[in-house]
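Spelled out, the chains give:
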Amino acid sequence: MKFLNINYVVLICYLIKFPFYGQEASIVRKKDSLKIYHLLSEAKKLSRRNLDSAEYDARQALHFAEMSGSPKFKADALRILSIVLGEKGGKEDQYCALTYNEDAYALYKQLQDTTGIVASLNNSSILYRHLNQYPESIEAITTAISYITSTTNIKNYNNVLGKSYGVLGNIYRNINLKDSAIANFERAKVCFQKTGSVYQYHVALNTGIVYSRDDDFKKAREYYLYAYNGYVSRGDSVYIASSACDLGKVYIQLDSLEVSRKFYSQAIEISRKKSLHRRLVRGLIGKGEITYREGEYNKALAYVDTTIPILDTFNFVELKYYAYELKGRLLRELGDTKQAIIYTEKATRIDDSLRKAKNQPAITASLLKINDQEQNKKLKVFENVIYHKTKWIWILTLTILLILFLLFRFYKKSKMQLANLIGSISDLKNSLIKSNKKQEHVSRKLVSTSANNALKSDLLLQIDGLLTQVKTKIVKKNDPLKVKIEETQSNIKYQASVDKIWEDFFAHFREVHPNFLETLNKRHKLTPNDLKICAYIKMNLTPKEIASLMNVTPNSIRITIHRLKKKMKLPKDTSVFDFIKTLEIDN
């Protein structure tokens, strides 16, 4: 028992010692947890020696926790060790960190320690993100958010929830889902504003990065200024330097070079005092870009050359790309083409390696798959709630269906009655059509008869003329042939005159179509021969039939009809036959 008490004392000493011995390890954990913060240390950036010290402390704490038999101490030690290994960055360290973190998560679940569960899930999400396993990263952080929102038994509720939203927003930012990233950063910002936490400025800074990547520099400037002013009010020099670098970059894009120079100069000054190497490199590259745009190539090259030894020492890969790319441009402007090509190729290789690491299409597809699964789960829950709490909807639905059935039956009955009525109307219509056809047939026959009579009258008149010529050639006064001819001529004159026959024809036509010929003549000034042809067309006679009745050739009729079309001024696509047949004259 005494031995056990000693172990507890040693363990507590290590856990107390850890924040002091490994102050920067705690800072790295914060940086790693949200990935949207550049460095949280107000003193200096962690070096590899500091991380090794932090790992040693964590392993010693784990050793004494296992000896004490306390699951809580062991879970905490495992989680801290996982954070330190994750920050070391090697792939093997990352997988070891995942294993330790999973053990910590299992212990927290046994203890029903919600705060520990959420912390380990956040760490899992970060570790998976380091390994570019974004689906697993999203699943871990969304599970953490579910734990947080389903309970109130969490210390610093708003800060914990805000950090989880920040982690999720950062994942979406990494895979270029702008709207989802901004939405989660805004949720995180609201949570942090409730507690007045400095993290609200970190989230604003990250939101500005999203807008900057989308080339919305004015919106990015708005969020950067919010973060910068917040850091200034708190006197947080480390993050003043970070936000100043971001503002310098965005003001370059807005062509405000003097404002940009001011922010970069401030960042460089702070970084040199605090040994903030990454921010120092960013500031120098930024001032190099400004002087490049102003045409001072040698001065710009001096800024870039200052960054090269720092980059060789600390291996900031993305910053190395920007430095090499800018130096390549400067050397090209200064005429050193050979060296320019070398640095441009170096920048290209770094860019290619960064692009390959992202593996964007596979990540996005997996992400969408997980989102679909989450949506399906939510839909099932919603359907269960509807089924259990709204049974009256089924009754209402059945009632509506019954009413619809009755309406359908009434509709079918009405439809049958309407069909019968339509059938009766159709029968009446067919009877009327038959009657009209019969009338048309009678009229056509009568017109044909009248036309034949007119033709016969013309022939008789011609015969009368021939007989007169023959009679003049007979010399004998009482010649029997001459007497016979005179008798025949008397009979011809007695029968009827041509004009009287045509008058009878037109009289009949006017009975069938009153005012038709008079109106047609009044509109178009037609000759009697034209009126005859129009009358025949109105009685549905063909050109051949009209030619036969008028004792002329069909070609003569066609010529006359073409002349009629010009007189009537009909359009090219309208025939005289269609026009006259469809023409209706009011009585």
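Within every chain, residues take consecutive numbers counted from 1 along the sequence as written. Residues qualify for local features only when their pLDDT is at least 70, as the model is predicted, and side-chain atom pairs are given and counted only at 80 or more; totals for whole chains, interfaces and linings, by contrast, use all residues. Neither water nor hydrogens contribute to the side-chain values; these are computed over all heavy atoms in the structure.

Enquirer: Please clarify how unusual backbone geometry should be interpreted in this entry.
Expert: Located in the positive-phi region is glutamine 112, a residue other than glycine, with phi close to 55 degrees. A run of DSSP states H or I qualifies as a helix once it reaches four residues; a run of E qualifies as a strand once it reaches two. Both are numbered from the N-terminal end. With respect to the helices, strands and loops of the structure, glutamine 112 is situated in the loop between helix H5 (91–111) and helix H6 (114–130). Residue classification places glutamine 112 among the exposed positions, given a relative accessible area of 69%. Exposure classes here rest on a 1.4 Å probe applied to the protein chains alone. A residue is buried below 20% of its type maximum, exposed above 50%, and partly exposed in between.

Enquirer: Even after reading the chapter, I still don't get the packing of helix H4 (residues 71–88) against H5, so can you show me in this structure?
Expert: A pair of packed helices is captured by two measures, namely the crossing angle of their axes and the spacing between those axes. Running from amino to carboxyl end, H4 crosses H5 at an angle of 155 degrees, the nearest separation of the two axes being 8 Å. When the interaxial angle is binned, H4 and H5 end up roughly antiparallel. Between H4 and H5 lies a crossing whose hand is left-handed. Contact with H4, carried on its side by Pro71, Lys72, Lys74, Ala75, Asp76, Leu78, Arg79, Leu81, Ser82, Leu85, Gly86 and Lys88, involves Asp93, Gln94, Cys96, Ala97, Tyr100, Asn101, Asp103, Ala104, Leu107, Tyr108 and Leu111 of H5 and no other residues of that element. When residues are sorted by character, Ala, Val, Leu, Ile, Met, Phe, Trp, Tyr, Cys and Pro go into the nonpolar class, Asp, Glu, Lys and Arg into the charged class, and all the rest, Gly among them, into the polar class. When grouped by side-chain class, the residues that make up the contact of H4 with H5 number twelve nonpolar, four polar and seven charged. Interaxial angle, 0 to 180 degrees, is taken between N-to-C directions of lines fitted to C-alpha atoms, where a helix line uses only the stretch in contact. What sets the label is the angle itself: under 35 degrees gives roughly parallel, over 145 gives roughly antiparallel, 65 to 115 gives roughly perpendicular, and the rest give oblique. Should the near helix be turned counterclockwise from the far one by less than a right angle, the crossing is left-handed, whereas a clockwise turn marks it as right-handed. In this description, contact between two residues means that some pair of their heavy atoms is separated by no more than 4.5 Å.

Enquirer: It is not clear to me how the pattern of salt bridges should be interpreted in this structure. Could you clarify?
Expert: Side chains that differ in charge, positive against negative, can pair when their charged atoms come close. A pair is scored as a salt bridge if a Lys or Arg side-chain nitrogen falls within 4 Å of a carboxyl oxygen belonging to Asp or Glu. By the definition in use, this model includes 15 salt bridges. For aspartate 214, the salt bridge is made with lysine 178, and the minimal N-O distance between the two is 2.8 Å. Note that aspartate 214 is positioned in the loop between helix H10 (199–213) and helix H11 (217–234) and lysine 178 in helix H9 (residues 178–195), a separation of 36 residues in sequence. With a relative accessible area of 26%, lysine 178 lands in the partly exposed category.

Enquirer: In this structure, what is going on with H9? I would like to understand it.
Expert: Two residues of an α-helix separated by three or four positions point the same way, owing to the 3.6 residues in each turn. For H9, built from 18 residues, the straight-helix expectation of 26 Å at 1.5 Å per residue is met to within 8% by its first-to-last C-alpha distance of 26 Å. Those residues of H9 that fall on the buried side of the exposure criterion are Ala181, Ile182, Asn184, Phe185, Ala188, Lys189, Cys191 and Phe192. Residues of H9 that are buried in the fold lie against helix H8 (157–174), H10 and H11. Within two residues after H9, glycine 196 carries a phi angle of roughly 70 degrees, on the positive side. To estimate how far a helix should reach, multiply one less than its number of residues by 1.5 Å.

Enquirer: Please explain the nonpolar core as it appears in this structure.
Expert: As a rule of thumb, nonpolar side chains are buried together in soluble globular proteins. Side-chain atoms within 4.5 Å link the members of a nonpolar core, which is a set of buried Ala, Val, Leu, Ile, Met, Phe, Trp, Tyr and Cys residues. Core analysis: the largest hydrophobic core is formed by 73 residues, its most contacted members being Tyr224, Tyr231, Leu247 and Val250. Take this core: its biggest share by element is ten residues, from helix H12 (residues 237–253). Not counting residues up to four positions away in its chain, the partners in contact with leucine 247 are Arg221, Tyr224, Leu225, Tyr228 and Phe263. Core analysis: the next-biggest nonpolar cluster, separate from the first, contains 27 residues, Phe506, Leu520, Ala535 and Ile561 among them.

Enquirer: Please clarify how helix H25 (residues 554–568) should be interpreted in this entry.
Expert: Between its terminal C-alpha atoms H25 stretches 21 Å, which fits the 21 Å expected from 15 residues at 1.5 Å a residue. By the burial criterion, the buried members of H25 are Ile557, Thr560, Ile561, Leu564 and Met568. Looking straight down H25, one finds that the buried residues subtend no more than 100 degrees of arc, so they occupy a single side. Residues Arg558, Ile559 and Lys566 are exposed on H25 and point more than 90 degrees away from its buried face. In the core, the buried residues of H25 are packed alongside helix H22 (516–524), helix H23 (528–538), helix H24 (543–550) and helix H26 (576–582). Lysine 569 sits one or two positions beyond H25 and adopts a positive phi of about 55 degrees. Summarising the geometry, the arc corresponds to the directions from the helix axis toward the C-beta atoms.

Enquirer: Mind showing me how you'd approach the side chain of arginine 261 here?
Expert: Of note, arginine 261 is situated in helix H13 (residues 257–274). Whenever two N or O atoms come within 3.5 Å, that pair is a polar contact, provided that in protein one can donate a hydrogen and the other can accept it, and provided that, for residues adjacent in sequence, both atoms are side-chain atoms. In this structure the side chain of arginine 261 is engaged in a polar contact, spanning 3.2 Å, whose partner is the side chain of glutamate 258. The residues contacting arginine 261, other than those within four sequence positions of it, are Lys287, Ile290, Thr291 and Glu294.

Enquirer: I keep staring at the packing of H22 against H23 and nothing clicks. Help me out?
Expert: Put simply, H22 and H23 touch, their axes get as near as 11 Å, and they point 130 degrees apart. Compared by their axis directions, H22 and H23 come out oblique. Crossing of H22 over H23 shows right-handed handedness. In contact with Phe516, Leu517, Leu520 and Asn521 of H22, H23 contributes Leu531, Cys534, Ala535 and Lys538. Here the contact of H22 with H23 is built from residues that sort into six nonpolar, one polar and one charged.

Enquirer: What should I look at first to understand the packing of aromatic side chains in this one?
Expert: Given two aromatic rings, one states the distance between the centres and the angle between the planes to describe the pair. Stacked, edge-to-face and tilted labels apply to pairs of Phe, Tyr and Trp rings (six-membered ring for Trp) whose centres lie within 6.5 Å, assigned for plane angles under 30 degrees, over 60, and everything in between, in that order. One pass over the structure, following the stated rule, counts eleven aromatic pairs. An aromatic cluster is built from Tyr201, Tyr226, Tyr231 and Tyr239, whose rings are joined through pairwise contacts. The side chain of lysine 189 reaches across the aromatic face of tyrosine 226, ending 4.2 Å from its centre. We call a charge positioned above a ring when the Lys NZ or Arg CZ atom is no farther than 6 Å from the ring centre and deviates by at most 35 degrees from the ring normal.

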